[in-house]
Amino acid sequence: VGRRGRIMESLRQGLETGLDKRMLQNLIERSNVDKSKDWLQWDWNTIEEILEDSLQNGQRLSEALSKGKFVKRLGGYFRCSPDEKGFFAHLVWKPKSIVYMNCACRFYEVLLKHQEGVAFLKNDRRGKVFEEISKELSVAIKHVETQGQDGVQTSPPSMVFDRETVHRHMTREYFAILGRMWCTKAGEKLLTDLKVFDLFTSLAKHQQLDYLSRIVLSNLDYTQPKPQTLIETYIQESPSASLRLHAICVLRAIVRSRMKAFDWGIGILVTRLHHQDAVVNEVVLSVLNEAAGYAPYLNIIIEKRPPFIQHPLAESLFEKFASVKAGIEFLTTQNKKWFERSILQWKNERSLAYVISVEDAMANSLTSGGKSENGMPPLKIPLNAKQSIALEAHQERLAGKEMDLESLLRIPWTIDLVINQSKRSAAAQGSTVTLDTTLSVKDVNCVVISGRFVDTAGREDFLKCSLQDCIHSSLFMGSCPVKKDGSIGEPLQMWQNAANTNHLAAAFGVVERSSISAQARFRSGSTDSDGSSRFGTNSPGVDEDVSNCDWSTCTFQGHKIMREYSGGDVKISIPGEPAVFFFKQGGGGSSRGGTNNLELCRVEYTLCLDPMKNAVRLPTHLFGELAKSEEGRKVLEQHRVVNELAEVVKDGVEKEENDGEFLGSLWSLANICSASSGLLLIGEVYPDFLQWLCTNGYNNEDFSMRGTCMCLLGLVARTKEGRRAVEEYGWVCRGDEVG
């Protein structure tokens with residue numbers, strides 16, 4: 001580059017610098033941040049534009065810090081403070097408020113990229129949000145640790161991170177900000193200096209703080225080493241079974257995201273199987289079964305060499321091992337008689353059990369999806385990202401895709417109960433109970449929101465009710481009621497100025513509406529028009545806007561229900577209602593009055609992620625898994641599996657008997673045909689099988705058998721070779737491997 005070129009480049013850079021500076025000044029002026037301290041007057045779209053573009057330049061950031069008020073006022077807005085200056089913390093949680101959290105993440109990412117920004121975070125009182133978060137967490141932990149045997153605490157509680165506040169307000173999103181900041185080197189160093197991860201580890205030791213631990217686990221980035229270590233600590237060392245199950249659910253979300261280099265997570269799950277904890281192990285096996293459906297994860301599971309456990313889910317997992325050479329070698333070396341025993345079981349009874357399972361699943365998919373114990377079908381709440389809930393809460397990350405498990409774990413689900421003696425109205429005088437809420441997976445398309453009654457130590461407790469009581473239940477997303485159709489309402493006024501609660505029967509979350517404590521958790525005041533709360537004294541009236549909720553009401557007047565209850569534990573659901581109520585008989589519990597010993601232990605809601613996806617997912621079939629590899633085909637030939645199945649089918653066709661053995665053999669042969677090598681094997685042993693399926697799928701006089709044959713043809717058509725073979729008989733197949 002000559003002298004002329006250097007001069008032109010210098011002029012160009014100077015011109016661009018001047019333009020950038022003027023552009024930033026214009027944007028800051030348009031944002032109104034410099035003009036007004038009132039954040040309600042700020043233009044948040046312009047603020048977002050500044051953070052995404054103009055402030056990425058270190059020189060522009062330095063100028064904004066030294067000369068203007070933009071950075072300082074924005075930092076002040078996000079302060080983690082219980083006083084009136086903690087504006088962000090005072091916002092009630094609703095989907096539209098997520099935009100402020102996204103702006104906070106971009107704001108701190110910009111600051112952490114430059115030395116001037118890091119200095120602002122360390123030294124300026126308006127930038128010390130991470131130090132304030134650390135202090136509030138320390139206060140919450142100390143409050144629990146200093147609790148005496150008589151239940152009296154010698155240390156005050158955290159005003160920011162108490163149970164009710166993190167469920168109803170934006171304070172929970174501070175953990176989402178921490179998770180994002182941990183992904184940067186400067187953020188990791190700053191949080192390490194503040195010992196934030198040490199505090200996260202301490203949370204797991206205290207069951208009273210499970211509600212915070214769950215939020216922490218749901219917001220970390222598990223591509224980083226320290227979060228991986230933390231979730232392992234929670235699963236292996238936490239005294240709380242509920243927290244361990246939540247941590248495993250987080251691992252399930254990672255499995256579904258198909259994260260690369262997930263051997264660390266699979267190692268945690270396999271190690272957990274060595275513990276004698278039947279409930280946790282069942283969930284672990286469920287997650288491993290999901291993981292085994294993804295080839296890279298299946299190989300890792302085999303390498304980790306899980307122990308042999310007597311459980312149906314363990315059998316299903318080992319059957320998936322049979323689909324690859326390494327798995328067959330593992331099963332053969334670890335238990336030489338495993339194949340002999342399992343194949344014999346599939347020949348004798350498990351093939352029939354498979355047919356019954358599939359037919360029941362098909363019947364349920366065509367109806368309401370199952371019934372409760374008292375014969376009343378519970379309603380599933382449809383939840384789809386195309387609805388306002390997902391689009392508003394997670395539009396940036398999901399970009400219109402389906403709502404995933406990771407997003408559901410981050411949402412503050414809450415279940416409220418109102419207990420009175422009014423069968424029709426939850427707004428009548430009564431007690432409001434906020435349950436400790438967790439999320440679990442029912443199947444691939446459904447999750448269960450479960451609310452438990454817990455005592456002050458975070459242990460599961462039971463709420464005693466009288467036979468005259470009516471229990472009204474409603475599901476909330478933060479401060480917003482979730483309707484039966486999956487839509488979300490506006491935040492209730494009673495939570496917008498929530499006060500310190502009076503714990504009924506010494507249990508968390510129970511509030512007497514007529515006598516809410518006058519002690520303000522934050523400062524007293526009213527609610528702003530945008531939904532921000534002053535966290536002050538609140539005495540809600542009996543006719544408050546709880547009528548905006550969809551309430552499910554449980555009463556004890558039904559004779560059928562009472563007869564079922566008198567015989568033992570029972571769950572009660574109401575036709576057309578989403579809530580399911582679970583009761584226990586006898587034992588201890590927090591009494592709410594009355595002499596009748598009815599104890600409510602939990603309430604559940606089922607969310608259907610995509611109501612249009614009602615497809616039946618077939619269980620694992622050992623013969624179908626073996627047919628996927630040459631080594632497995634040899635096992636089938638060695639045990640003469642196809643030969644014996646073919647004889648049963650031929651005999652049934654000849655005698656025109658559609659008994660269980662015949663149907664089981666049909667499904668077994670079709671599962672074998674669903675793999676290319678299996679299709680070749682059946683072509684050698686029973687070449688007329690495919691033609692028989694195609695013919696009877698079209699003109700069998702038994703319509704049930706026609707439907708069965710069509711399902712079996714779908715299995716065969718999972719491979720290109722199978723589709724080609726089926727199309728030769730005049731059938732049209734989809735051009736993929738769904739079947």
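Below you will find a few notes about this structure.

About the cut-offs
- Residues numbered from 1 in each chain as written.
- Predicted model: local features only at pLDDT ≥ 70, side-chain atom pairs only at ≥ 80, totals over all residues.
- Heavy atoms only, no water.
- Phe/Tyr/Trp six-rings, centres within 6.5 Å; stacked < 30°, edge-to-face > 60°.
- Helix = DSSP H or I, 4+ residues; strand = E, 2+ residues; numbered from the N terminus.
- Buried < 20%, exposed > 50% of the residue type's maximum accessible area, 1.4 Å probe, protein only.
- Lys NZ or Arg CZ within 6 Å of the ring centre and 35° of its normal.
- Salt bridge = Lys/Arg side-chain N within 4 Å of Asp/Glu carboxyl O.
- Arc of directions from axis to C-beta.
- Contact = heavy atoms within 4.5 Å.
- Pairing = 2+ DSSP bridges.
- 1 Å grid on protein atoms, 1.4 Å probe; cavity = no way out; pocket = protein on both sides within 12 Å on 5 of 7 lines; lining within 4 Å.
- Points joined across faces, edges and corners; volume = space filled by probe spheres on them.
- Polar contact = N/O pair within 3.5 Å; in protein donor to acceptor, adjacent residues only side chain to side chain.
- Core = buried A, V, L, I, M, F, W, Y, C linked by side-chain atoms within 4.5 Å.

Another point: the packing of aromatic side chains. Here the distance between the centres and the angle between the planes together describe a pair of aromatic rings. Taken as a whole and assessed by the stated rule, the structure comprises 35 aromatic pairs. Seen from their ring centres, Trp44 and Phe78 are 6.4 Å apart, and the 70° between their planes marks the pair as edge-to-face. In this pair, Trp44 sits in helix α2 (residues 44–52) while Phe78 sits in the loop between α4 (70–77) and α5 (98–112), placing the two residues 34 residues apart along the sequence. Side by side, Trp44 and Phe78 carry an identical accessibility label, which is buried. Ring centres of Tyr77 and Phe87 lie 6.3 Å apart, and the angle between their planes is 10°; on these two criteria the pair is classed as stacked. Of this pair, Tyr77 sits in helix α4 while Phe87 sits in the loop between α4 and α5, placing them 10 residues apart in sequence. Residue class for Phe87 comes out partly exposed when judged on its relative accessible area of 26%. Ring pairing ties together the aromatic residues Trp39, Trp42, Trp44, Tyr77, Phe78, Phe87, Phe88, Tyr100, Phe107, Tyr108, Phe130 and Tyr174, which thus form one cluster. Taking the ring centre of Phe582 as reference, the NZ or CZ of Arg602 above it sits at 3.8 Å.

Turning to the pattern of salt bridges, a few remarks are in order. Under the definition given, this model contains 28 salt bridges. We note a salt bridge from Arg350 to Glu319, for which the minimum N-O separation is 2.8 Å. Within this pair, whereas Arg350 is found in helix α20 (residues 338–365), its partner Glu319 is found in helix α18 (residues 312–321), the two being separated by 31 residues in sequence. Given the relative accessible area of 22%, Arg350 is considered partly exposed. For Glu319, a relative accessible area of 1% corresponds to the buried category. Put simply, Arg410 and Glu406 hold a salt bridge, and the shortest N to O gap is 2.9 Å. Of this pair, Arg410 and Glu406 both sit in helix α22 (residues 405–410), 4 residues apart, roughly one helical turn. For Arg410, a relative accessible area of 22% puts it in the partly exposed group.

Another point: helix α19 (residues 325–334). Think of an α-helix as turning once every 3.6 residues; residues three or four places apart then point the same way. When α19 is considered as a whole, its buried residues turn out to be Gly327, Ile328, Phe330 and Leu331. The arc that holds the buried residues of α19, viewed along the axis, is 160°, so those residues lie on one side. Residues of α19 that are buried sit in contact with α17 (295–304), α18, α20, α25 (622–626) and α26 (630–638).

Our next topic: the pairing of strand β11 (residues 570–573). Here β11 pairs with strand β12 (residues 580–585) via 4 bridges, running antiparallel. In the strand pairing of β12, Ser573 is matched with Val580. Linking β11 back to β12 in an antiparallel pair, the connection comprises 6 residues, with Gly576 at a positive phi of about 80°.

The subject of this paragraph is empty space enclosed by the protein. According to the stated counting rule, one finds 3 cavities of 30 Å³ or more in the structure shown. The volume enclosed by the largest cavity comes to roughly 190 Å³. Surrounding the largest cavity, 18 residues form its lining, Arg172, Arg214, Leu409, Ile411 and Thr437 being those nearest its centre. Elements supplying a minimum of two residues to the lining of the largest cavity: α12 (210–218), α22 and β4 (436–443).

Positive phi, close to 55°, is recorded for Ala261, a residue that is not glycine. Within the element layout of this structure, Ala261 appears in the loop between α14 (241–257) and α15 (263–272).

Inspection of the secondary structure assignment puts Arg244 in helix α14. Under the relative-accessibility criterion, Arg244 is labelled buried at 11%. Reaching out from Arg244, the side chain makes a polar contact with the backbone oxygen of Ser238 at a distance of 2.7 Å. Setting aside residues up to four positions removed in sequence, Arg244 forms contacts with Tyr234, Ile235, Ser238, Pro239, Arg272, Asp277 and Val280.

Moving on to the side chain of Arg452. Position of Arg452 among the secondary structure elements: in strand β5 (residues 446–452). Ignoring anything within four residues of it in the chain, the contact list for Arg452 reads Ser242, Leu435, Asp436, Glu460, Cys601 and Arg602.

Turning our eyes to something else, we now look at the nonpolar core. In terms of nonpolar packing, the biggest core is built from 196 residues, with Tyr108, Phe130, Phe200 and Trp413 touching the most fellow members. No other element matches α5, which puts 11 residues into this core. Beyond its immediate stretch of four places on either side in the chain, Trp413 contacts Leu383, Leu408, Thr437, Leu439, Ile449, Leu475, Phe476, Met477, Val482 and Leu607. Formed by 5 residues, the second largest nonpolar core is a distinct cluster that contains Val418, Phe476, Leu492 and Trp551.

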